[in-house]
Amino acid sequence: MQDRSEGAGYCFEATDRFDMKVLALSSSPRIGGNTDLLVTEILRAIRQEAAQAGPEGRFEITECRLSQMTIRPCTQCDHCHRQGTCNLADDMEGLYPQIEAADWLILASPIYFMAHCAQAKLLIDRCQVFWARRYILKQSLLRPGQAFRRGVFVSVGATHGVKVFAGVKVTMKWFFDALEMEYWDNLLFEGCDQKGRIRHLPTALQDARELGRRIVQASL
Ligand SMILES: Cc1cc2nc3c(=O)[nH]c(=O)nc-3n(C[C@H](O)[C@H](O)[C@H](O)COP(=O)(O)O)c2cc1C
């Protein structure tokens, strides 16, 4: 494991170099909480499935904890509209190239007041850079030869109801669109509040592992 930060320890990258890049961004400030546990299971399944796939299952997985990063709010200075880059100096400088390089982006956020948590929202807004590159500067984010860019959203809320994830799903539609990514799938669980409670939901961790396996199969 390689620490890409300067002492913060928020990003962990496999040392081997592989073809398919998976970037997992966990945003909950509750480390080891419900969304973290789901992401851990997804990544575990990706590693296992990729190992079984042999030489074709070549994955590089990078995990980042947004709550341990310094990400300032977008100020709508419009620098990105002109230059396609962000003017703010913080940990997004390291994250932008990883988002750009990712074939798969997994964003995990708990539901806070029917929305993303603040750490996820800071990231989302700072991705205005990609929207500007795509829609104002008319630059594609697809690398030459890149088959796809795909996004997966993971979320957990404490309450029940059809609207728990309605708002965040709309945001994710436009977030992944700005990143020139297909909004490939969700993993959403409601009625889950206490830290670690997700372990006791009947299918949650199993569903997470299945999602990880499907990510590998869809990449081969
Ligand atoms: C500030 C705050 C606001 C919350 N708002 C909601 C909400 O609007 N709807 C909901 O279903 N759960 C809400 N929750 C509960 C969390 O979504 C829930 O505990 C979730 O399991 C946390 O995931 P985590 O362990 O990954 O952080 C809120 C929690 C906090 C701390």
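Criteria and thresholds
Residues numbered from 1 in each chain as written. Predicted model: local features only at pLDDT ≥ 70, side-chain atom pairs only at ≥ 80, totals over all residues. Heavy atoms only, no water. Near = heavy atom within 4 Å. Polar contact = N/O pair within 3.5 Å; in protein donor to acceptor, adjacent residues only side chain to side chain. Areas by Shrake-Rupley, 256 points an atom, 1.4 Å probe, with all protein chains shown as cover. Helix = DSSP H or I, 4+ residues; strand = E, 2+ residues; numbered from the N terminus. Nonpolar A, V, L, I, M, F, W, Y, C, P; charged D, E, K, R; others polar. pLDDT = per-residue confidence, 0-100. Contact = heavy atoms within 4.5 Å. Expected span 1.5 Å × (residues − 1). Salt bridge = Lys/Arg side-chain N within 4 Å of Asp/Glu carboxyl O. Buried < 20%, exposed > 50% of the residue type's maximum accessible area, 1.4 Å probe, protein only. Core = buried A, V, L, I, M, F, W, Y, C linked by side-chain atoms within 4.5 Å.

Peer 1: Whenever I open this one, the site of the ligand confuses me. Can you help?
Peer 2: Close contacts around the ligand come from 16 residues, with Ser28, Thr35, Ile111, Thr159 and Asp193 the closest. Contact between the ligand and Ile111: an oxygen atom at 2.6 Å from a main-chain N or O atom of the residue. Within the side chain of Thr159, one N or O atom sits 2.7 Å away from an oxygen atom of the ligand. Its free accessible area being 640 Å², the ligand has 78% of it covered by the protein chains. Mapped onto the shell around the ligand, the elements with two or more residues apiece are helix H1 (34-52) and strand E5 (104-112). Looking at which element gives the most residues to the shell around the ligand, the answer is E5, with three residues. Across the shell around the ligand, the residue classes tally to eight nonpolar, six polar and two charged.

Peer 1: What am I meant to see in the confidence of the model for the chain here?
Peer 2: When pLDDT is averaged along the chain, the result is 92; 92% of the residues meet or exceed 70. Note that pLDDT drops below 50 for residues 1-8; the model gives that stretch 14 contacts with residues more than four away or on any other chain.

Peer 1: Just checking my understanding: could you explain H1 for this structure?
Peer 2: For an α-helix the count is 3.6 residues per turn, leaving residues at separations of three or four pointing the same way. The end-to-end C-alpha distance of H1, which contains 19 residues, comes to 27 Å, matching closely the 27 Å that a straight helix rising 1.5 Å per residue would cover. Gly54 sits one or two residues past H1 and shows a positive phi near 75°.

Peer 1: Looking at this structure, how should I read the pattern of salt bridges?
Peer 2: Pairs may arise between side chains of opposite charge once their charged atoms sit close together. Counted according to the given criterion, the structure contains 15 salt bridges. Between Asp90 and Arg126 there is a salt bridge; the shortest N-O distance is 2.7 Å. With Asp90 in the loop between helix H2 (79-83) and helix H3 (92-101) and Arg126 in helix H4 (residues 118-126), the pair connects residues that are 36 residues apart, well separated along the chain. Given the relative accessible area of 9%, Asp90 is considered buried. Overall, Arg126 belongs to the buried group, its relative accessible area being 2%. Here the residues in one salt-bridge network are Glu41, Arg44 and Arg209, joined through shared partners.

Peer 1: In this structure, what is going on with the side chain of Ser155? I would like to understand it.
Peer 2: By the secondary structure assignment, Ser155 is in strand E7 (residues 150-156). Assessed through its relative accessible area of 0%, Ser155 is described here as buried. Setting aside anything within four residues of it in sequence, one finds Ser155 in contact with Thr35, Ser109, Pro110, Ile111, Phe165, Leu187, Leu188 and Phe189.

Peer 1: Explain the nonpolar core to me, please; I cannot follow it from the model alone.
Peer 2: One recurring pattern in soluble globular proteins is that nonpolar side chains are buried together. Counting 32 residues, the largest nonpolar core has Leu25, Leu95, Ile99, Leu123, Phe175 and Leu179 as its most contacted members. Secondary-structure elements contributing two or more residues to this core are strand E3 (20-26), H3, E5, H4, helix H5 (128-136) and helix H6 (166-178). With five residues, the top contributor of residues to this core is H6. In this structure, Leu25 is in contact with Cys64, Leu66, Leu95, Leu105, Ile106, Leu107, Ala108 and Leu123, ignoring residues within four places of it in sequence. In terms of nonpolar packing, the next biggest core, distinct from the first, is built from 31 residues, Ala50, Ile61, Ile106 and Val152 among them.

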